[in-house]
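Chain residues, written in single-letter form:
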Amino acid sequence: MARLTKEALLSGINNVVELKLESRKGSVMLRPLSQAEVGEYNNIQARAMGTFDTNERARRGMRNSSDVTSSGKLNFAKTSEAQYDAQRYAVAKSMTCKGEEYSEEEVGGFDGALFYEIFDKVKEISGIEDEDIEEEVEQFPEN
């Protein structure tokens with residue numbers, strides 16, 4: 001096994017891949033997102049998550065017990081908007097390679113099927129695993 005140099009490790013985002021678009025009978029070039037860009041993608045999504053409060057009361061003594069109460073507010077419209085903003089960010093960053101630049105506004109103009117075909121590949125090559133928001137909501141405690 002070869003020892004990788006610092007230069008080789010830092011050049012990972014230069015590993016451009018070609019995505020063949022069946023719907024367009026052509027291809028586009030994509031690069032993986034850097035860890036900093038993945039972090040920004042996650043931050044954009046998290047901006048609309050709302051607030052959550054948790055309170056715990058513990059009783060000491062023979063019956064060690066505690067009561068936990070949680071409450072939170074989710075604005076699904078803001079959450080959906082933030083998720084879309086994060087996706088546009090990721091696609092624009094990934095497509096900006098090989099001398100071409102794309103803005104978030106430009107990729108936002110793609111038709112839905114094309115946009116999500118590209119976004120799915122960006123997630124794959126960048127190692128992004130999105131949490132399932134529906135699963136998180138189901139696990140959220142009810143009052």
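This section reports on the structure supplied with the text. (Residues numbered from 1 in each chain as written. Predicted model: local features only at pLDDT ≥ 70, side-chain atom pairs only at ≥ 80, totals over all residues. Heavy atoms only, no water.)

1. Observations regarding the side chain of R31
Part 1: If you trace the backbone, R31 turns up in the loop between strand 2 (26-30) and helix 2 (35-46).
Part 2: A polar contact of 2.8 Å, which involves the side chain of R31, links it to the side chain of E37.
Part 3: Non-local contacts of R31, meaning those with residues more than four positions away in its chain, are made with I13, N15, V16, E37, K93, S94, T96, C97 and I125. (Helix = DSSP H or I, 4+ residues; strand = E, 2+ residues; numbered from the N terminus. Polar contact = N/O pair within 3.5 Å; in protein donor to acceptor, adjacent residues only side chain to side chain. Contact = heavy atoms within 4.5 Å.)

2. Comments concerning the pattern of salt bridges
Part 1: Per the counting criterion, the structure on display carries five salt bridges.
Part 2: With a closest N to O distance of 2.4 Å, D111 and R24 form a salt bridge. A residue pair is termed long-range when its members are at least 10 positions apart, and D111 in the loop between helix 4 (104-108) and helix 5 (112-126) and R24 in the loop between strand 1 (17-21) and strand 2 qualify at 87 residues.
Part 3: By relative accessible area, R24 is classed as partly exposed at 47%.
Part 4: Across the pair E40 and R47 runs a salt bridge, and its minimum N-O distance is 3.1 Å. (Salt bridge = Lys/Arg side-chain N within 4 Å of Asp/Glu carboxyl O. Buried < 20%, exposed > 50% of the residue type's maximum accessible area, 1.4 Å probe, protein only.)

3. A short note on the side chain of Q87
Part 1: Secondary-structure assignment places Q87 in helix 3 (residues 76-95).
Part 2: By relative accessible area, Q87 is classed as buried at 7%.
Part 3: Engagement of the side chain of Q87 in a polar contact is seen with the side chain of Y116, the distance being 3.5 Å.
Part 4: Those residues in contact with Q87, other than ones at most four positions away along the chain, are Y41, F115, Y116 and F119.

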